[in-house]
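Coordinates in review
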Amino acid sequence: MSMTYVTKKNFCAASYDKESPEDEKISASAERRFVRTTKLSTVTIKLYRLMIVVRMCIFVLFFKWRISTALVMMSSNDTDYTSTVRAIWTVSIAGELWFALMWVLDQLPKMQPVRRAVDVAALDESLLPPMDVFVTTADTEKEPPLVTANTILSILAADYPADKLACYVSDDGGTQIMRQAVEEASRFAGLWVPYCRKHGVEPRNPEAYFSAGVHGGVKVRAVTRGEYKGMAWPELASDRRRVRWEYEELRLRIDALQAGDMRRRQRWSTASCRRRGTAEDHAGVVEVLVRRPPTSSSSMTQVDVSAVDGINDLLDLSSVDVRVPAVVYMCREKRRGVAHHRKAGAMNALLRASAVLSNAPFILNLDCDHYVNNSQALRAGVCLMLDHGGGDVAFVQFPQRFDGVDPGDRYANHNRVFFDCTELGLDGLQGPIYVGTGCMFRRSALYGVDPPRWRLHGDAGKEVATEAGTFGTSTPFLRSVRTVLNRSSEEQDATYSPPCPLDGGAAATGWATVLVSCGYEDSTAWGRDIGWVYGTVTEDVATGFCLHRRGWRSAYCATAPDAFHGTAPINLTDRLHQVLRWAAGSLEIFFSRNNALLGSRHRLHPLQRVAYLNTTLYPFTSVFLMVYCLLPAAIPPLMAGNAAAAGAALSMGAPLASATYIAFLAALMATLAVVAVMETRWSGITLGEWWRNEQFWMVSATSAYLAAVAQVALKVAAGKEISFKLTAKRTAAATSGAGVRERFAELYALRWTALMLPPAVVLAVNVTSMAAAVEGGQWRNGQAAALAVAFNAWVVAHLYPFALGLMGRWSKTLSPLLLLVALFTIRLLCSVLRLHTF
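A few points on the structure. (Residues numbered from 1 in each chain as written. Predicted model: local features only at pLDDT ≥ 70, side-chain atom pairs only at ≥ 80, totals over all residues. Heavy atoms only, no water.)

This next bit is on the pattern of salt bridges. Throughout the structure, instances matching the rule amount to 34 salt bridges. Note that R401 is salt-bridged to D420, the shortest N-O span being 2.9 Å. Placement of the pair is R401 in strand β15 (residues 401–403) and D420 in helix α10 (residues 416–426), with a sequence separation of 19 residues. Of the residues examined, D420 reaches a relative accessible area of 10% and is grouped as buried. One network of salt bridges, with partners in common, ties together R179, E183, E184, R187, R253 and E287. (Salt bridge = Lys/Arg side-chain N within 4 Å of Asp/Glu carboxyl O. Helix = DSSP H or I, 4+ residues; strand = E, 2+ residues; numbered from the N terminus. Buried < 20%, exposed > 50% of the residue type's maximum accessible area, 1.4 Å probe, protein only.)

If you want it as structure tokens, here you go:
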């Protein structure tokens with residue numbers, strides 16, 4: 001089975017409109033246009049901007065009235081409850097001001113969206129630059145080796161010249177099983193890569209390609225003759241059977257390795273010997289498993305691990321390029337007591353090791369579970385880098401798409417509002433935010449230099465490259481840095497040679513092993529001004545911010561079909577822990593030197609600064625949200641016998657029940673609805689996706705965001721480091737071949753965590769308050785009481801996905817929404833009958 005092949009011109013991407021002065025002097029060979037600007041609907045965008053301005057004006061009028069009313073109430077001479085009134089009014093207005101501020105910070109950067117179409121066919125083969133692909137993994141239990149093996153195979157089979165592509169795999173756990181799994185994948189690539197080229201199959205992840213039925217929400221079916229893009233249609237069925245048989249053997253071998261590793265976990269120490277170790281204490285290794293193939297496609301690549309035996313006996317590959325891109329296994333050194341900086345440290349080690357082996361000018365960063373779903377995705381990213389004016393583009397961010405998410409996307413795993421709306425909107429400024437995977441980098445940008453438009457004429461960065469105190473003391477590495485920084489924009493092609501050929505020689509691997517030692521970064525600028533940034537669990541956002549701060553731009557590239565697919569945690573517990581990590585990392589950035597408010601000399605677009613400020617401030621919303629979700633429902637019953645509290649509640653209820661307040665509330669809700677509709681129109685998302693995003697925002701804000709604020713407060717006050725919990729990845733088989741009930745079994749599994757306690761309390765309090773109001777008929781006691789019940793219902797509607805999660809498997813047959821509707825319908829009928837009786 002294979003998915004329908006999509007033509008090369010079905011790509012969409014985004015870039016930055018402005019061009020640097022240096023771009024005007026680029027040679028004719030670099031002036032080719034690979035990107036065509038496609039502006040969004042002018043009417044829709046203008047109406048969208050107009051509604052944002054209108055809502056901001058309503059905010060100004062509302063707070064003017066709100067604050068003047070509060071001052072009148074707080075100036076009361078009644079000393080019995082003046083302090084209580086002031087406290088309630090202060091908290092209320094502070095919360096409303098914060099919510100308004102966060103809404104403005106979220107909407108302003110999205111007012112200049114840009115979309116461009118990429119013409120991959122216009123990119124000549126000779127213009128394709130060398131590329132290094134970094135794949136990171138850290139835990140074989142949460143990140144199964146089979147998942148990583150499939151990701152590697154999809155990279156090696158991508159539609160890119162084999163002699164210009166190299167795949168680097170970082171095993172941060174230092175396990176023998178991962179090294180063997182990479183070796184097995186490299187061996188199978190000798191058969192899989194030529195097969196993909198011969199028949200033009202899509203996707204080029206074996207697990208996804210051979211899966212029957214539905215994979216990742218997409219129906220997988222056989223290719224028809226009219227859709228076939230290969231060269232041997234009569235042989236497709238027989239070749240597919242042979243390759244699938246070999247893949248099943250590969251999967252069984254990797255599964256057997258993992259089963260044995262559950263009891264005995266050995267660590268790989270050097271290229272020639274093994275010793276016992278731990279994930280936090282093991283030696284460094286750099287090993288070339290597959291050497292760089294020859295430039296000519298007439299001969300097969302020399303593979304260090306033996307190629308598939310009898311490859312020509314299995315398939316007829318006489319007219320197929322059988323070369324396989326280079327594969328390098330890396331395990332950086334770790335020692336107890338030495339900070340290893342999590343994923344950022346592994347990425348920097350990969351950056352240094354690859355510099356002395358292949359030194360490609362462009363780098364693609366993928367997580368171990370994000371495979372290449374579109375074989376031409378790498379070419380699409382290169383188009384944005386090489387297009388006229390692309391010399392200032394530091395990275396190209398692809399949207400994240402996921403397999404195995406439930407059809408309703410209960411916990412907003414796809415995050416369409418962020419990727420298809422926020423990231424697309426930022427493309428009209430300096431570009432989208434880096435989100436950790438599916439991102440193509442310019443190597444020179446990671447070395448801390450300024451973009452071409454900010455450099456002095458003729459400055460190629462030579463003085464930076466010679467500073468050993470910045471990059472470290474490795475002479476081969478410094479030479480590779482000079483090679484990159486001294487190469488101008490028009491030379492970003494395949495006409496240069498790396499400082500050392502990727503041939504697996506002792507000298508090359510020896511230099512690379514030194515570069516991944518745990519003490520190499522001591523007294524250098526790594527993690528601060530060079531490479532990926534340290535000091536936060538969200539190194540992606542911090543790294544992208546540092547690049548934008550120097551004046552670099554980024555671009556957004558959405559392809560059809562999707563460039564990359566990954567796996568997402570559909571279990572509520574795993575999803576909340578994932579959001580907790582993101583929120584805590586954002587707050588860490590806010591309290592670091594990378595705060596968007598600091599540095600008046602930043603080369604940031606003003607709205608780009610606003611976007612980063614919003615990205616690092618949003619978890620604080622949880623504090624005010626908890627107050628709003630709990631106090632209106634909890635204070636009246638608790639303070640029923642307290643005259644001061646009762647008076648305060650009455651003083652608050654009077655303005656809330658006024659016609660002015662209701663008018664303001666209606667205007668704000670109406671403009672919010674119009675903005676949401678306009679947002680969905682120009683971004684392409686649906687209203688259902690927008691609403692699911694709003695629902696899970698409420699779930700996150702009352703759980704993970706609140707915990708993130710507490711964690712960062714402890715770190716700032718007591719120096720307690722934030723714990724890092726790796727998100728578990730599921731195997732592709734678990735998300736594709738099984739039936740619907742088996743594939744989404746995790747969705748209905750309830751695993752209690754402390755993060756569930758706050759939203760459970762909020763849900764219980766609001767349901768109880770709503771039920772009490774209906775039971776006692778309080779909802780008929782004026783407009784204030786009716787608004788209170790409506791607010792309770794609004795909170796419960798937002799927490800509906802959380803209620804489904806708490807019900808576990810019962811949610812498949814018994815919906816909490818139906819229970820609530822039935823309960824309130826019965827109570828309302830009883831109330832109406834009681835009124836008629838009296």
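It is the contact of helix α17 (residues 572–590) with helix α22 (residues 687–701), at a shortest axis distance of 10 Å, that shows an interaxial angle of 75°. Classified by the angle between their axes, α17 and α22 sit roughly perpendicular to one another. In this structure, α17 uses R575, L576 and V579 to contact α22, whose residues at the interface are F696, V699 and S700. Its residues placed into classes, the contact of α17 with α22 shows four nonpolar, one polar and one charged. (Axes fitted to C-alpha atoms, helices over the stretch in contact; angles between N-to-C directions. Parallel < 35°, antiparallel > 145°, perpendicular 65-115°, else oblique. Contact = heavy atoms within 4.5 Å. Nonpolar A, V, L, I, M, F, W, Y, C, P; charged D, E, K, R; others polar.)

Cis geometry marks the peptide bond from E202 to P203, where omega comes out at -10°. Along the chain, P203 turns up in the loop between α4 (176–199) and α5 (206–210). Backbone torsion omega between A560 and P561 reads -5°, so that peptide bond is classified as cis. Relative to the assigned elements, P561 resides in the loop between β17 (553–559) and β18 (564–567).

This next bit is on the packing of aromatic side chains. Within this structure, the stated rule accounts for 38 aromatic pairs. Residues Y434 and F441 carry aromatic rings whose centres are separated by 4.9 Å and whose planes lie at 90° to one another, so their mutual orientation is edge-to-face. Classification of Y434 as buried rests on a relative accessible area of 0%. Geometrically, the ring pair formed by Y447 and F471 is edge-to-face, given 5.7 Å between the ring centres and 90° between the ring planes. Of the two residues, Y447 sits in the loop between α11 (443–446) and α12 (462–465) while F471 sits in helix α13 (residues 468–471), which places them 24 residues apart along the sequence. Across this residue pair, the class does not change: Y447 and F471 are buried. What links up through ring pairs into an aromatic cluster is the set F59, F62, F63, W65, W103, Y661 and F664. Stacked on the ring of W103, the Lys or Arg R55 has its end atom at 4.6 Å from the ring centre. Its end group placed over the ring of W526, R352 keeps NZ or CZ at 4.8 Å from the ring centre. (Phe/Tyr/Trp six-rings, centres within 6.5 Å; stacked < 30°, edge-to-face > 60°. Lys NZ or Arg CZ within 6 Å of the ring centre and 35° of its normal.)

Next up on the list: the sheet that holds β15. Taken in spatial order, the three strands line up as β13-β18-β15 in an open sheet, and their pairing is mixed. The open sheet has two free edges, formed respectively by β13 (371–372) and β15, since each of these has just one partner strand. Alignment of β15 against β18, held across three bridges, turns out to be parallel. Counted as the bridge partner of F402 is G566 from β18. (Pairing = 2+ DSSP bridges.)

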